[in-house]
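Understanding the architecture of this molecule
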Amino acid sequence: AITVQHGDVLQGLHLEKELVARALHEHSDRRNKPFEVVDCGSMAPALIASELFGHERGAFTSAHAERAGAFERAHGGTIFLDEIGELPLDLQPVLLGVLERRRFKRVGGAREREVDVRVIAATHRDLRQATNLGTFRADLYFRLAVARVVVPPLRERPEDIAALVQRFAEQLT
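First things first, this report covers the structure right here in the doc. (Residues numbered from 1 in each chain as written. Predicted model: local features only at pLDDT ≥ 70, side-chain atom pairs only at ≥ 80, totals over all residues. Heavy atoms only, no water.)

1. Overview of the nonpolar core
The nonpolar side chains of a soluble globular protein tend to be buried, and buried together. If you look at the biggest cluster of nonpolar residues, it comprises 30 residues, and the most contacted ones within it are Phe-71, Ile-79, Leu-81 and Ile-84. Elements represented by at least two residues in this core include exactly helix H2 (45-53), helix H3 (70-73), strand S5 (78-82), helix H4 (92-101), strand S8 (118-123), helix H5 (127-133) and helix H6 (138-144). Residues contacting Phe-71, with those up to four places away along its chain left out, are Leu-52, Phe-53, Ile-79, Leu-95, Val-98, Phe-104, Val-115, Val-117 and Val-119. (Core = buried A, V, L, I, M, F, W, Y, C linked by side-chain atoms within 4.5 Å. Buried < 20%, exposed > 50% of the residue type's maximum accessible area, 1.4 Å probe, protein only. Helix = DSSP H or I, 4+ residues; strand = E, 2+ residues; numbered from the N terminus. Contact = heavy atoms within 4.5 Å.)

Written as structure tokens, this is what we have:
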């Protein structure tokens, strides 16, 4: 697992974290496999488990069909968990279990599914401090922080501004 910690809290820089994660994926042996993005900070807590692990038909009221989650879709490739610091405390042991066993069950499912993914997680929070406060599990933090990439705030690297402006301009056209 790789954790990308970003020094800026600005919403517009979400793309920058994703660009770092995508570059790590594209320069790896997994480059020809799926790259899945899950923004843990933008989803209702009740939906995160379904988004990560999928669900079986009938698992909850609106589960009219089975659905593969991000881990299943990313099999063989990379999953980017953006804003991992926002993951609800009750889901953290489930994620830890997937990282340790490389197996999971869909929501409402009985069968375990194997998964082989590289996990890249990003946050603007200080997860070490969050572990000290009890808002983020220490064992999950240490599992995710195998390799850390700290992206300094943009104000500390003005030479990157031109490249970012060009990238955003290309996306708008």
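Resuming the write-up.
2. Considerations on the pairing of S5
Here S5 lies mainly inside the structure; five of its five residues are buried. Pairing of strand S2 (residues 35-39) with S5 involves five bridges; the strand directions are parallel. Looking across to S5, one finds that Asp-39 is bridged to Asp-82. Sheet topology places S5 next to S8; four bridges connect them, and they run parallel. (Pairing = 2+ DSSP bridges.)

3. Examining the pattern of salt bridges
Evaluated as defined, the whole model comprises 17 salt bridges. A salt bridge links Lys-17 to Glu-83; the nearest nitrogen and oxygen atoms lie 2.5 Å apart. Pair noted here: Lys-17 is in helix H1 (residues 14-26) and Glu-83 is in the loop between S5 and H4, with a separation of 66 residues, a long-range link. The exposure classification of Lys-17 matches that of Glu-83, with both residues buried. (Salt bridge = Lys/Arg side-chain N within 4 Å of Asp/Glu carboxyl O.)

Keep in mind that these numbers describe shape and distance, not what the molecule does.
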